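Each chain, letter by letter, is given below.
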Amino acid sequence: MYKAICGDHAWEPIPGGIIGGWGSARRKLVGPQVLPSLVVTVSARPDGVVLNWGTTYRVTVLELGLACCGVEVMAALDRLPELGVTPVAGAGEAHVLVVSGTVTDVMLPAVIRSFEAMPEPRYVISVGACSNTGGPYWDSYCVTKGIDQALPVHVAVPGCPPRPEALLEGLKALHGLVNA
Amino acid sequence: MTTTQKTAFGQTVHHVELADWLDVATRHHDDGYVMFDWLGVEDAGRPGAAGQRHAVFLHVIDPRTREGVMLRTELAESDRLPGVAHLWKGARWHEREAAEMFGIAVDDEPEHLLLPDSFQGHPLRKDFVLASRVVRPWPGRLEPGEDNTSAPSRRRTAPPGVPDPTWGPRREEETQ
Amino acid sequence: MTSLPPRTRGVIALLEANCTVCMICARECPDWCIHITSHTEVEQQPGSARPRSRNVLDRFAIDYGQCLYCGICVEVCPFDALHWAPEFGYPGTGSIEGDGAVAELVHERDVLATWVEKVPPPPPLDPAAEAAPETATGTGRRPGSLRGRT
């Protein structure tokens with residue numbers, strides 16, 4: 001179902017990706033790179049609530065599914081097609097970055113480069129304990145203790161992992177922040 | 001090749017001198033133990049292991065008889081471990097882990113892929129300190145009735161899992 | 001809204017009346033995310049020979065940005081002061097520049113008390129289980145004792 005939404009390229013193995021694997025052994029590590037991933041247009045209506053974003057730009061979401069939280073975010077995105085979602089490829093069009101999962105120190109440059117490739121105005125939603133503060137791996141030698149150490153975080157969704165509905169509440173909170 | 005066997009709990013471990021490591025591994029590979037299971041590193045603290053720092057285990061299996069053999073060798077601080085990745089491809093990752101995480105010098109120099117380039121130290125060594133646990137104050141150190149303002153009147157308890165500084169593997173000294 | 005199963009772990013509520021500041025939850029939390037400070041008050045109780053001292057809770061905060069929702073604190077509290085509530089919609093919102101979103105996830109005593117009304121009643125016991133000893137129809141012995149059943 002997820003592949004049907006976003007096409008094959010979104011599942012390209014990336015270093016330290018969702019399962020933590022290194023992808024193909026022949027793939028050379030080329031350093032920080034902008035990640036092609038699912039870009040989703042949110043045109044509103046989670047749970048019957050109509051979110052009028054009131055913006056002149058299309059609200060697009062780039063989901064960085066780094067670990068287990070990525071699966072919950074995928075479950076949330078799974079429901080958005082019936083809410084009027086248009087999947088688009090390419091990180092350069094996203095306005096909202098959803099960081100979901102443990103951000104390891106090796107992965108951090110790639111996340112920062114993805115954020116820098118986004119056009120203004122750009123917002124960051126941090127999903128789950130690992131990207132909020134490092135979570136259960138707060139004492140690890142290779143985990144960034146929260147993505148807010150490197151990026152501005154506008155909405156932090158707590159949970160380990162949070163329910164998909166909790167992510168939708170986070171989007172609602174972002175909507176409130178943007179429109180306030 | 002000097003190998004001594006030690007059987008415990010149904011598993012036989014062949015203790016191999018480091019100089020014979022490659023020979024013994026090659027012999028087992030040629031004898032049919034072509035299935036690679038594990039190459040692990042552990043602390044070498046055991047009676048009689050004076051001067052040795054790490055022990056390397058290699059577990060390989062003969063897929064025809066389904067018998068496994070466990071080889072064990074010990075390394076001192078400056079020893080180099082001969083690589084066996086040319087015999088079993090799967091050992092490459094484990095040798096990379098031994099090189100980066102434990103600081104063991106491996107002969108065929110696996111690529112540095114696991115840790116960031118700027119990382120200092122070898123995290124899986126026993127004496128590697130997790131800086132976060134040192135820096136962050138444990139909320140449970142306060143006794144009931146204490147707040148953060150007063151100085152502790154007695155020695156505070158340590159969090160569970162954080163060892164006392166005197167803890168650690170006792171290595172026999174060379175001069176004993 | 002989806003109907004959530006009983007004992008869903010959404011947020012932890014604090015029943016302050018039950019808390020004796022024993023600090024067991026703060027010590028057992030694997031993430032070190034429960035912050036408790038307290039002080040001791042000494043009171044002369046009428047009818048007792050000497051003044052009694054008791055611990056008064058000053059600060060009880062749970063950092064939900066760190067919490068891994070394991071439930072160890074809820075299980076280990078000897079006085080049932082912590083309870084699960086199925087609420088999940090409490091994201092932390094920072095400023096428009098991106099400050100303070102994660103800091104908003106630290107819930108202090110007053111916020112934890114608001115979650116208490118969301119705590120559902122405990123699920124009913126299995127009808128085939130033996131009655132609880134504290135009821136009138138209970139066995140009057142410790143749970144699991146075999147006397148009279150072998």
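Please read these numbers as outputs of a predicted model, since none were measured by experiment.

A.B. asks: Which parts of the structure should I look at to understand the overall build of chain A?
C.D. replies: Looking only at helices and strands, one finds five helices and six strands in chain A. For chain A, the α and β elements follow one another from N to C terminus as α-β-β-α-β-β-α-β-α-β-α. The buried share of chain A, taken over its 180 residues, is 50%. Within chain A, contacts between residues at least 6 apart in sequence are counted, and of these 76% link residues at least 24 apart.

A.B. asks: Explanation requested: the interface of chain B and chain A in the structure shown.
C.D. replies: Interface size, as often reported, equals the accessible area lost upon joining of the parts. Facing the seven residues of chain B at the interface are eight residues of chain A. Each residue belonging to the side of chain B that touches chain A can be placed in one class, and the counts come to five nonpolar, one polar and one charged.

A.B. asks: Where do I start with the interface of chain A and chain C in this structure?
C.D. replies: Of the residues lining the interface, 28 residues belong to chain A; the matching set on chain C comes to 23 residues. Contributing elements (two or more residues each) for the side of chain A that touches chain C: strand E5 (123-127), helix H4 (129-133), strand E6 (155-157) and helix H5 (164-179) of chain A. Sort the elements by how many residues they give to the side of chain A that touches chain C and H5(A) lands first, with six residues. With two bridges connecting them, E6(A) and strand E5 (residues 92-93) of chain C associate as antiparallel partners. Across the sheet, A:Val155 pairs through a bridge with C:Thr93, a residue of E5(C).

A.B. asks: Help me understand the confidence of the model for chain B in this model?
C.D. replies: When pLDDT drops low, the exact placement of atoms in the prediction is not to be read closely. Residue and element names in this part refer to chain B. Mean pLDDT for chain B: 81, with 81% of residues reaching 70 or above. For chain B, the element scoring lowest by mean pLDDT is strand E1 (residues 3-8), at 74; helix H1 (residues 21-30) scores highest, at 93. The ipTM for the predicted assembly is 0.79, set against a pTM of 0.75.

A.B. asks: Whenever I open this one, the environment of A:Val153 confuses me. Can you help?
C.D. replies: Note that A:Val153 resides in the loop between H4 and E6. Note on A:Val153: 27 C-beta atoms within 10 Å, which makes it buried. The spacing of A:Val153 and A:Gly170 is 17 residues in sequence and 12 Å in space, taken between C-alpha atoms. In contact with A:Val153, not counting residues within four places along its chain, are A:Val124, A:Ser126, A:Ile147, A:Asp148, C:Gly94, C:Gly98, C:Ala101 and C:Val102.

A.B. asks: Whenever I open this one, unusual backbone geometry confuses me. Can you help?
C.D. replies: With the exception of glycine, the majority of residues adopt a negative phi angle, and the majority of peptide bonds are in the trans configuration. A:Pro121 follows A:Glu120 through a cis peptide bond whose omega is -15°. Here the bond from A:Cys160 into A:Pro161 is cis, since omega is -15°, no more than 30 degrees from zero. Looking at the element boundaries, A:Pro161 is found in the loop between E6 and H5. Its identity as a non-glycine residue notwithstanding, C:Trp32 has a phi of 60°, on the positive side. Note that C:Trp32 resides in the loop between helix H1 (24-28) and strand E2 (34-43).

A.B. asks: Even after reading the chapter, I still don't get the pairing of strand E5 (residues 67-76) of chain B, so can you show me in this structure?
C.D. replies: Two faces make up the sheet, and in a regular strand the side chains alternate between them. Residues and elements named next belong to chain B. Pairing of strand E2 (residues 11-16) with E5, which is carried by three bridges, proceeds in the parallel orientation. Note that in E5 the partner of His15 across the bridge is Arg72. Note that strand E4 (residues 52-62) and E5 share 10 bridges and pair antiparallel. When the sheet's bridge partners are listed, Val60 is paired in E5 with Val69.

A.B. asks: Would you mind showing me how to read the nonpolar core here?
C.D. replies: The tendency in soluble globular proteins is for nonpolar side chains to be buried as a group. Residue and element names in this part refer to chain A. By size, the foremost hydrophobic cluster in this structure holds 75 residues, and its most contacted members are Leu97, Val98, Val99 and Ile125. With six residues, H5 is the largest single contributor of residues to this core. Each residue touching Val98, except ones within four places of it in the same chain, is listed here: Val61, Leu62, Glu63, Leu64, Val73, Ile125 and Val127.

A.B. asks: For this particular structure, what's the right way to read the environment of C:Val116?
C.D. replies: All names here are of chain C. Topologically, Val116 is positioned in the segment after helix H3 (109-114). With 14 C-beta atoms packed within 10 Å, Val116 lands in the partly exposed category. Those residues in contact with Val116 that lie beyond four places of it in its chain are Ala13 and Leu15.

A.B. asks: Would you mind going over the sheet that holds strand E3 (residues 52-63) of chain C with me for this structure?
C.D. replies: What holds strands together in a sheet is hydrogen bonding between their backbones, with the strands either parallel or antiparallel. Residues and elements named next belong to chain C. Here we have three strands laid out as an open sheet, ordered E2-E3-E6, and antiparallel in their pairing. Whereas interior strands pair on both sides, the edge strands pair on one side only; in this sheet they are E2 and strand E6 (106-107). Sheet topology places E3 next to E6; two bridges connect them, and they run antiparallel. Each residue of the ladder has a partner; that of Asp63, found in E6, is Val106.

Each value, and the rule that gives it
- Residues numbered from 1 in each chain as written.
- Chains lettered and ligands numbered in written order.
- Predicted model: local features only at pLDDT ≥ 70, side-chain atom pairs only at ≥ 80, totals over all residues.
- Helix = DSSP H or I, 4+ residues; strand = E, 2+ residues; numbered from the N terminus.
- Buried ≥ 20, exposed ≤ 12 C-beta atoms within 10 Å, placed from the backbone.
- Contact = placed C-beta atoms within 7 Å.
- Nonpolar A, V, L, I, M, F, W, Y, C, P; charged D, E, K, R; others polar.
- Pairing = 2+ DSSP bridges.
- pLDDT = per-residue confidence, 0-100.
- Core = buried A, V, L, I, M, F, W, Y, C linked by C-beta atoms within 7 Å.

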